[in-house]
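One letter stands for each residue in the lines below.
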Amino acid sequence: MGSKWRKAKLALGMNMCLYVPHQKLEDSLPSSSSSASSTSIANVASRLSTDSVPLSPVSPSGNDCRPTTPTPSSSGLRVSKSSPKSSKRTCSICLTAMKPGQGHAIFTAECSHSFHFHCITSNVKHGNQICPVCRAKWKEIPFQSPASDLPNGRSRINPADWPRDDAWTTVVRRLPSPRLDPTRQISSLFHTSEPGTFDDDEVLDLQHETTEENVFANDAAKNNSIGSIEVKTYPEVSAIPRATCHNNFAILIHLKAPLPSGGRNETMFSPTTQNSRAPVDLVTVLDVSGSMAGTKIALLKRAMGFVIQHLGPSDRLSVIAFSSTARRLFPLRRMTETGQQEALQAVNSLTSNGGTNIAEGLRKAAKVIGDRKWKNPVGSIILLSDGQDTYTVTSPSGAHSRTDYRSLLPAGPCIPVHAFGFGADHDASSMHSISEISGGTFSFIEAEGVIQDAFAQCIGGLLSVVVQEACLKVQCAHPNLVINSIKAGSYRTSLAADAKTGSIDAGDLYAEEERDFLVTVNVPVDESCDEMSLLKVQCIYRDPISKEMVSLEEANEVKIQRPTIIGQTVVSMEVDRQRNRLRTAEAMAEARSAAEHGDLTAAVSILESCRRALLETISAQAGDRLCIALCAELKEMQERMANRRVYESSGRAYVLSGLSSHSWQRATARGDSTNSTSLVQAYQTPTMTDMVTRSQTMFFGNPPQGKLRQTQSFPAHPEAR
């Protein structure tokens with residue numbers, strides 16, 4: 001029998017690796033007259049010889065079509081280390097034994113029948129989407145990419161209805177295929193051990209960094225290379241009568257970060273031209289629990305491919321995967337061409353199974369950050385999960401708690417965790433807490449297709465950090481003046497005991513990102529002058545490229561007129577719109593509290609009252625865009641609190657994402673907020689917008705289009721329960 005099979009293979013050219021040109025599966029489905037049996041040589045030969053698809057060899061010297069480095073995927077592809085549990089140990093296509101080891105990849109289908117991976121992929125290429133043994137129709141099919149496209153003949157699983165030329169394929173094909181260093185190990189879920197200390201991060205190019213640092217330090221000193229941060233102040237009104245005191249007088253402090261020295265877009269996002277921005281150390285913590293199976297994990301891989309493609313050779317990436325436990329799949333490596341290829345291989349190895357242990361994933365990420373020998377100027381963690389945290393966190397006191405995530409975060413300087421809740425079943429409260437504690441943002445990815453856009457918006461910011469450790473210092477300029485309050489959302493503030501001085505830690509700012517803070521003071525009666533100085537505002541920050549502290553030379557002084565009599569006062573439009581933002585954030589927090597206590601009627605009433613109040617303000621009547629967006633957001637939240645089912649599935653996450661956005665004044669993804677037609681686009685910077693546009697115009701590898709795709713993720717009229 002073996003001799004006949006060898007002769008048949010030689011006659012058919014099956015001793016050579018074959019490449020099947022891309023074509024639609026439905027065009028090559030076998031006719032109904034095809035034999036149901038695929039266990040005989042005659043049937044295999046008939047199916048191959050009658051197929052109209054032209055075949056051409058990939059390599060003249062190739063004698064085996066098996067992938068040299070089989071990579072597991074989400075549908076059960078594995079490197080077999082033990083005999084298959086199936087009662088049949090023979091591949092029903094080639095009729096040879098499915099031997100464990102020796103690099104043999106075994107594909108186990110949904111119907112539980114197993115085959116050699118290289119055999120079943122050849123079968124699928126010829127149009128078969130059904131099991132050769134039981135004739136069951138598969139929802140997910142094995143797909144072997146041409147060896148010339150993917151390094152080491154890597155393989156993957158594609159859903160049966162998944163477009164062949166998707167963005168994941170595009171990312172892999174677009175990157176060059178450098179010769180990989182055989183001494184470098186690619187971690188995978190199947191490695192039984194990992195180092196006790198994660199101090200194996202790839203060394204930074206110190207010579208390049210030192211030279212670059214010296215150059216930019218000199219340029220910053222001489223030319224202020226990234227430009228100065230912009231500080232503006234706006235008093236509530238321009239004049240107060242001399243004989244009148246005014247408590248809780250509002251003063252707006254507005255910050256705007258500069259552009260990088262090379263401008264935005266191509267310079268900032270080009271992997272080969274990074275001198276105009278600070279390089280990043282990024283750790284991604286990815287949920288691969290059982291609920292991520294199928295489309296979700298495929299979309300996650302595609303989104304990670306987009307991230308990897310836009311990181312440059314000075315950026316470093318590490319990948320953590322977690323389910324019931326967590327594992328570091330990929331150490332902190334520079335995203336050179338080789339690094340990108342290795343990172344793509346690691347991401348493509350993700351498989352889904354098990355529970356959801358967010359705590360263990362965070363602990364691993366903190367270890368990667370804490371153990372690294374070298375540090376890029378910007379560090380960040382991206383956390384994505386689609387499920388409830390099924391494991392408890394032990395607090396330092398020994399008690400079990402699900403809210404003590406602070407102990408899991410990296411020690412030392414705060415590394416923000418940007419959390420992404422995926423789908424209707426994720427643990428929004430826990431993930432919001434994690435992001436809030438760390439100084440990161442919480443995004444709600446409701447529609448599956450938006451995951452790449454959400455990641456794009458996030459890295460559009462991370463790859464454009466131009467200001468670090470920004471700190472505002474405010475000081476009363478009048479001896480009888482005192483500071484009443486400093487409203488800065490989630491940013492840390494301090495106020496001296498005598499209420500004469502205060503500070504705001506504004507943290508890192510992305511290119512052209514803006515911050516607005518309201519300081520209220522009690523203005524006393526003063527008959528002695530026509531003009532009164534209220535506050536002096538000074539800003540200091542670190543240039544992430546030169547690493548030097550920058551202090552604005554002149555403090556910004558806030559003054560108002562003190563005439564004897566004044567006419568009608570005009571409230572500053574800038575101050576009014578920021579009051580509206582703060583009022584809206586407070587209403588959201590109050591409504592969320594009511595909803596969590598089971599009173600959805602009160603929650604909706606709170607939001608509606610706030611919305612009506614906003615419509616009466618001068619900024620709303622003037623058509624202010626922020627005010628219009630806030631009203632739209634409040635209306636959306638009311639719809640998502642229509643009943644308990646809707647609130648549990650999407651309302652809570654939507655509200656928490658909105659609170660995160662307003663408290664940090666930073667863009668988050670929620671609903672269709674990444675879409676160009678959405679009103680809910682507050683705080684999105686130009687570089688974020690540019691990166692989202694790249695993501696949307698690369699959807700499934702399509703060329704850029706004039707109109708961005710829209711995401712319908714929430715019904716306009718939710719059903720009442």
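Residues numbered from 1 in each chain as written. Predicted model: local features only at pLDDT ≥ 70, side-chain atom pairs only at ≥ 80, totals over all residues. Heavy atoms only, no water.

A closer look at the overall build of the protein
Move 1: Helix and strand counts for the protein come out as 17 helices and 25 strands.
Move 2: Within the protein, buried positions represent 55% of all 721 residues.
Move 3: Excluding contacts between residues fewer than 6 apart, the proportion of contacts in the protein whose partners are at least 24 apart in sequence is 74%. (Helix = DSSP H or I, 4+ residues; strand = E, 2+ residues; numbered from the N terminus. Buried < 20%, exposed > 50% of the residue type's maximum accessible area, 1.4 Å probe, protein only. Contact = heavy atoms within 4.5 Å.)

A short note on the pattern of salt bridges
Move 1: Enumeration according to the criterion identifies 28 salt bridges in this entry.
Move 2: With a closest N to O distance of 2.7 Å, Arg-328 and Asp-200 form a salt bridge. Pair noted here: Arg-328 is in strand S12 (residues 326–334) and Asp-200 is in the loop between helix H4 (167–174) and helix H5 (206–223), with a separation of 128 residues, a long-range link.
Move 3: Exposure remark for Asp-200: the relative accessible area of 30% places this residue in the partly exposed category.
Move 4: In this structure, Asp-281 engages Arg-316 in a salt bridge whose closest nitrogen and oxygen atoms are separated by 2.8 Å. With Asp-281 in strand S10 (residues 280–287) and Arg-316 in strand S11 (residues 316–322), this residue pair connects regions lying 35 residues apart in the sequence. Taken as a pair, Asp-281 and Arg-316 share a single burial class, namely buried.
Move 5: Three or more residues joined by partner-sharing salt bridges are found here, namely Glu-194, Arg-327, Glu-360, Arg-363 and Lys-364. (Salt bridge = Lys/Arg side-chain N within 4 Å of Asp/Glu carboxyl O.)

Let's talk about unusual backbone geometry
Move 1: Notably, Asn-248 is not glycine yet its phi reads approximately 55 degrees, a positive angle.
Move 2: Its place among the elements puts Asn-248 in strand S9 (residues 246–256).
Move 3: According to the relative accessible area criterion, Asn-248 is partly exposed, its value standing at 41%.
Move 4: One non-glycine residue, Glu-469, adopts positive backbone phi at about 55 degrees.
Move 5: Tracing the sequence through the fold places Glu-469 in strand S18 (residues 465–476).

A few points about the environment of Ser-490
Move 1: For Ser-490, the position within the fold is in the loop between strand S19 (482–487) and strand S20 (493–495).
Move 2: Residues Ser-490 and Ser-663, 173 residues apart in the sequence, show an inter-C-alpha distance of 5.1 Å.
Move 3: Residues within four places of Ser-490 in sequence aside, it is in contact with Glu-436, Ser-663 and Trp-664.
Move 4: There is a polar contact of 2.4 Å between the side chain of Ser-490 and the side chain of Glu-436. (Polar contact = N/O pair within 3.5 Å; in protein donor to acceptor, adjacent residues only side chain to side chain.)

A few points about the packing of aromatic side chains
Move 1: Inspection of every chain in the model, using the stated rule, returns 3 aromatic pairs.
Move 2: Between Phe-420 and Phe-455 the ring centres are 5.0 Å apart and the planes differ by 65 degrees, which places this aromatic pair in the edge-to-face class. Residue Phe-420 is located in strand S16 (residues 417–422), and its partner Phe-455 is located in helix H11 (residues 451–462); the two are separated by 35 residues in the primary sequence.
Move 3: Here Phe-420 falls in the buried class, since its relative accessible area comes to 2%.
Move 4: Seen from their ring centres, Tyr-491 and Phe-517 are 5.9 Å apart, and the 85 degrees between their planes marks the pair as edge-to-face. Of this pair, Tyr-491 sits in the loop between S19 and S20 while Phe-517 sits in strand S22 (residues 514–523), and the two are 26 residues apart along the sequence.
Move 5: Look at Tyr-491 and you get buried, because its relative accessible area is 8%.
Move 6: Its relative accessible area of 0% is what places Phe-517 among the buried residues.
Move 7: In textbook terms, an aromatic cluster arises when at least three aromatic residues are bridged by ring pairs, as seen for Tyr-491, Phe-517 and Trp-664.
Move 8: Across from the ring centre of Phe-198, 5.5 Å away, lies the NZ or CZ of Lys-367, which sits over that ring.
Move 9: Seen from the ring of Tyr-510, Arg-666 lies directly overhead, with NZ or CZ sitting 3.8 Å from the centre. (Phe/Tyr/Trp six-rings, centres within 6.5 Å; stacked < 30°, edge-to-face > 60°. Lys NZ or Arg CZ within 6 Å of the ring centre and 35° of its normal.)

Quick look at the confidence of the model for the protein
Move 1: Summarising the model, the protein shows a mean pLDDT of 75, and 67% of its residues fall at 70 or more.
Move 2: Residue range residues 143–188 is modelled with pLDDT below 50. Its contacts to residues more than four positions away, or to other chains, number 133 contacts. (pLDDT = per-residue confidence, 0-100.)

Description of the sheet that holds S12
Move 1: Taken in spatial order, the 6 strands line up as S12-S11-S10-S13-S16-S17 in an open sheet, and their pairing is mixed. Taken across any chain shown, the strands that pair with only one partner, and hence form the sheet edges, are S12 and strand S17 (442–445). Neighbour-to-neighbour, the strand axes of the sheet open up by a mean angle of 15 degrees, direction not taken into account.
Move 2: Here strand S13 (residues 378–385) pairs with S16 via 5 bridges, running parallel. Looking at S16, one finds that Leu-383 is bridged to Ala-419.
Move 3: Strand contacts of helix H9 (residues 358–371): S10, S11, S12, S13 and S16, with the helix running at about 155 degrees to S11, the strand carrying the most contacts.
Move 4: Here helix H10 (residues 428–438) sits on the sheet in contact with S13, S16 and S17, set at roughly 165 degrees to S16. (Pairing = 2+ DSSP bridges. Axes fitted to C-alpha atoms, helices over the stretch in contact; angles between N-to-C directions.)

A few points about the packing of helix H15 (residues 625–639) against helix H16 (residues 644–664)
Move 1: Contact geometry for H15 and H16: axes closest at 9 Å, N-to-C directions at 155 degrees. Our classification of the angle between H15 and H16 gives roughly antiparallel. Note on packing geometry: the crossing formed by H15 with H16 is left-handed. Residues Leu-630, Glu-633, Glu-636, Met-637 and Glu-639 of H15 lie in contact with H16, whose contacting residues are Val-646, Tyr-654, Val-655, Gly-658 and His-662.
Move 2: Tallied by class, residues from the contact of H15 with H16 come to 5 nonpolar, 2 polar and 3 charged. (Parallel < 35°, antiparallel > 145°, perpendicular 65-115°, else oblique. Left-handed = near helix turned anticlockwise from the far one by under 90°. Nonpolar A, V, L, I, M, F, W, Y, C, P; charged D, E, K, R; others polar.)

Considerations on H9
Move 1: For H9, spanning 14 residues, the distance from its first C-alpha to its last is 20 Å, which sits close to the expected 20 Å at 1.5 Å a residue.
Move 2: When we look at burial in H9, the residues that qualify are Ile-358, Ala-359, Glu-360, Gly-361, Leu-362, Lys-364, Ala-365, Ala-366, Val-368 and Ile-369. (Expected span 1.5 Å × (residues − 1).)

Remarks on H10
Move 1: Those residues of H10 not exposed but buried are Ala-428, Ser-430, Met-431, His-432, Ile-434, Ser-435 and Ser-438.
Move 2: Immediately beyond the C-terminal end of H10, within one or two residues, lies Gly-439, with a positive phi of roughly 90 degrees.

What about the nonpolar core?
Move 1: The biggest cluster of nonpolar side chains holds 52 residues, and the ones touching the most others in it are Leu-383 and Met-641.
Move 2: Viewed by domain, this core spans two of them, domain 2 (280–393 + 403–463) and domain 3 (574–664), each represented by three or more residues.
Move 3: The contact partners of Leu-383, leaving out residues within four places of it in the chain, are Val-285, Phe-322, Ile-358, Val-417, His-418, Ala-419, Phe-420, Met-431 and Ile-434.
Move 4: Residues Leu-317, Val-378, Leu-384 and Phe-422 belong to the second largest nonpolar core, which totals 47 residues. (Core = buried A, V, L, I, M, F, W, Y, C linked by side-chain atoms within 4.5 Å. Domains from an automatic or database assignment.)

Comments concerning the sheet that holds S19
Move 1: The 4 strands lie next to each other as S8-S9-S22-S19, forming an open sheet whose pairing is antiparallel. Sheet topology places strand S8 (230–235) and S19 at the edges, where each strand pairs with a single neighbour. Recorded for the sheet is a direction-independent mean angle of 25 degrees between the axes of neighbouring strands.
Move 2: Across 6 bridges, S8 lies against S9 in antiparallel orientation. Pairing of Tyr-234 across the sheet is with Leu-252, part of S9.

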